[in-house]
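Observations on chain architecture
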Amino acid sequence: MEIVKVSASKEYTVNIGKGFLDTVGDKIKEIKRVCRVVLISDDNVFPLYGEKVKNSLINSGYSVCEYVVPHGEESKSFENYENILEFCAENSITRTDLFVALGGGVVGDLTGFVASTYLRGVDFVQIPTTVLAMVDSSVGGKTAINLKAGKNLCGAFYQPIAVFADCDTLKTLSESTFNEGCAEIIKYGMILDKDFLAFLQENEIKENIEYTIKRCVEIKRDVVCHDEFEKGERKLLNFGHTIGHAIEKCSNLTISHGNAVAIGMVIATKGAYEVGMSEEDFSDVILPILEKNNLPTTCDFSADELYKASLSDKKRSFDTISLIVPEELGLCKIMKLPVEDLQNFIEKGMN
Ligand SMILES: NC(=O)c1ccc[n+]([C@@H]2O[C@H](COP(=O)([O-])OP(=O)(O)OC[C@H]3O[C@@H](n4cnc5c(N)ncnc54)[C@H](O)[C@@H]3O)[C@@H](O)[C@H]2O)c1
């Protein structure tokens, strides 16, 4: 088992390994005394791993009630959030109990937000089951649900008390969902680690999954520990995300987060070079890595559509928007762009 320690407002470990789901209850017991557990999952993941995790928790002495949401981005909704809170209240869940998120980023973000607000904060554990959730969403404490105006517009910074990533769960992922997580992996190489980027150019992610997840978690840990509340450096993790979120929004969430981020990184890389924010055009480097991992690099929306959809982005202040752009290979920088220049940036990035 690989263990990465995170020292943020809470100290916790990210445990990366294989084949330990049926003993995860004992591992949780090392950090949380026996209590009631609300196990939250979705209707794809629960039938695959729910009973295993539930039995493991029960065998370790916990009592468990489960709440299963439909799979998909629509589940990060106010309605589900409210229903889960009511479910917890009806089941007399107390502040000393525990939430466990079993699933991808959707389940993790939703559960984390419930945990951050129910009774003003209850401990929660992440058991991520997608590549994206293992390398990104389960670590660092960003939790959220979506509003009609845009993704993740209602949320909280709230760290889990532990993360348990069992790579065996990735075997049941569809090829496309696996690949979508690779977009965030490639992001880490582009923003902060030239050597890791070179590793991704030369190696297959699937064949090196434990090392790859560990390296991504370490990079994210280092960023989050310096800037947990995203005052500065943490914004680097949003490389490709401003335009990516606009793509998700324009597609009515039919384009997945990972695919949208892949396209967003290409537009940000090309656009930055074309408008003079980057000295070199690094799209030559990122495009082949994305293509090798079967990720899309273009979309059918116009620059105008993407620009309008970007305006509700959280990284926008009154008249500027923060964009993450490559400075050199394996190093990105945060640049502020006047909002009125964003459309031109996107247009140049799409050519
Ligand atoms: N909090 C953060 O820091 C952060 C970072 C990045 C992304 N996100 C969020 O994460 C979400 C995307 O996460 P995701 O890509 O994991 O999507 P997801 O949670 O929707 O999972 C993708 C699909 O895979 C299925 N699935 C999950 N695990 C499976 C398994 N082991 N076997 C078979 N099927 C499985 C799910 O049911 C779903 O249909 C977005 O909402 C995004 O905003 C959050």
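A brief look at the structure comes next. (Residues numbered from 1 in each chain as written. Predicted model: local features only at pLDDT ≥ 70, side-chain atom pairs only at ≥ 80, totals over all residues.)

**With respect to the overall build of the protein chain**
Here is the rule: Numbered from the N terminus, helices here are DSSP runs of H or I no shorter than four residues, and strands are runs of E no shorter than two. Using C-alpha atoms as the atom set, the radius of gyration is obtained and then compared with a globule rule of 2.2 Å times the number of residues to the power 0.38. To sort residues by burial, count the other C-beta atoms lying within 10 Å of each one's C-beta; a count of 20 or more means buried, 12 or fewer means exposed, and anything in between means partly exposed. C-beta atoms are built from the backbone. A pair of residues counts as a contact when their C-beta atoms, built from backbone coordinates, are separated by no more than 7 Å.
A tally of regular secondary structure across the protein chain gives 13 helices and 11 strands. In terms of overall size, the protein chain behaves like a compact globule, its C-alpha atoms giving a radius of gyration of 20 Å where 351 residues would be expected to give roughly 20 Å. Dimensions of the protein chain, computed from the C-alpha atoms along their principal axes, are close to 60 × 40 × 35 Å. For the protein chain, buried positions account for 51% of its 351 residues. Excluding contacts between residues fewer than 6 apart, the proportion of contacts in the protein chain whose partners are at least 24 apart in sequence is 74%.

**Remarks on the environment of I286**
Considering the arrangement of structural elements, one finds I286 in helix α11 (residues 283–292). A sequence separation of 271 residues divides I286 from N15, and the C-alpha atoms of the two residues are 29 Å apart. The residues contacting I286, other than those within four sequence positions of it, are I186, M190, M265, V266 and T269.

**Overview of the pairing of strand β5 (residues 98–103)**
The side chains of a regular strand alternate, residue by residue, between the two faces of the sheet. The test is simple: Here, any two strands with at least 2 DSSP bridges between them count as paired. When the strands point away from the viewer, a crossover counts as right-handed if the path from the first strand over the helix to the second runs clockwise.
Burial runs high along β5: 6 of the 6 residues are buried. The alternating pattern of β5 places L98, V100 and L102 and F99, A101 and G103 on opposite faces, both of which are buried. The pairing of strand β3 (residues 36–42) with β5 spans 5 bridges and is classified as parallel. Bridge pairing in β5 places I40 opposite A101. Relative to strand β6 (residues 123–128), β5 is paired through 6 bridges, and the arrangement is parallel. Each bridged residue has a counterpart across the sheet, and for V100 the counterpart in β6 is V125. At this point the chain moves from β5, through helix α4 (residues 105–117), to the parallel β6, and the crossover so formed is right-handed.

**Regarding the site of the ligand**
Test applied: Defining nearness, a residue is near a molecule or strand when the C-beta atom obtained from its backbone falls within 6 Å of it. Ten residue types, Ala, Val, Leu, Ile, Met, Phe, Trp, Tyr, Cys and Pro, are classed as nonpolar, four, Asp, Glu, Lys and Arg, as charged, and the remainder, Gly among them, as polar. Domain delimitation follows an automatic or database domain assignment.
The local shell around the ligand holds 31 residues, among which N44, H71, G104, G105 and S137 are the closest. Mapped by element, the contributors of at least two residues to the shell around the ligand are α2 (45–59), α4, α5 (131–137), β8 (150–157), α6 (175–192) and α10 (257–274). A per-class count over the shell around the ligand returns 7 nonpolar, 16 polar and 8 charged. Shared between two domains, the shell around the ligand holds at least three residues of each, these being domain 1 (2–172) and domain 2 (175–350).

**A closer look at the pairing of strand β4 (residues 63–69)**
Judged from the 7 bridges that link them, β3 and β4 form a sheet pairing that is parallel. Residue pairing across strands places S41 opposite V68, the latter belonging to β4. A crossover connection joins β3 to the parallel β4 through α2; in handedness this β-α-β unit is right-handed.

**Observations concerning unusual backbone geometry**
At S92, a residue that is not glycine, the phi angle is positive and equals roughly 55 degrees. As for its position among the elements, S92 is in the loop between α3 (78–90) and β5. The class of S92 is exposed, set by 8 C-beta atoms lying within 10 Å. One non-glycine residue, N152, lies in positive phi territory at about 55 degrees. Along the polypeptide, N152 turns up in strand β8. Of the residues examined, N152 has 19 C-beta atoms within 10 Å and is grouped as partly exposed.

**What about the nonpolar core?**
We apply this condition: Connectivity within a nonpolar core runs through C-beta atoms within 7 Å, and the core itself is a set of buried Ala, Val, Leu, Ile, Met, Phe, Trp, Tyr and Cys residues.
Judged by nonpolar contacts, the single largest core of 109 residues is most densely connected at F99, V100, L102, I186, I247, A268 and L306. Taken together, domain 1 (2–172) and domain 2 (175–350) each give at least three residues to this core, which thus spans both. Residues within four places of L306 in sequence aside, it is in contact with I243, A246, I247, C250, F301 and I346.

**Notes on the packing of α6 against helix α7 (residues 194–202)**
Short version of the rule: Here, axes are lines fitted to C-alpha atoms. For helices the fit covers the stretch in contact, and angles between N-to-C directions go from 0 to 180 degrees. Oblique is the label for any angle not covered by the other classes, which are roughly parallel (under 35 degrees), roughly antiparallel (over 145) and roughly perpendicular (65 to 115). If you view the pair so one helix is near and one far, a crossing is left-handed when the near helix is turned anticlockwise from the far one by less than a right angle, and right-handed when it is turned clockwise.
At a closest axis distance of 6 Å, the pairing of α6 and α7 adopts a crossing angle of 135 degrees. Between α6 and α7, the crossing angle belongs to the class labelled oblique. Note that α6 runs across α7; the crossing there is left-handed. Contact residues: I185, I186, Y188, G189 and M190 in α6; F196, L197 and L200 in α7.

**Description of the packing of α10 against α11**
Where α10 meets α11, the closest approach of the two axes is 10 Å, and the angle between their N-to-C directions is 165 degrees. The angle between α10 and α11 places the two elements in the roughly antiparallel class. As α10 runs across α11, the sense of the crossing is left-handed. On α11, the residues touching A262, M265, V266, T269 and K270 of α10 are S283, I286, L287 and L290.

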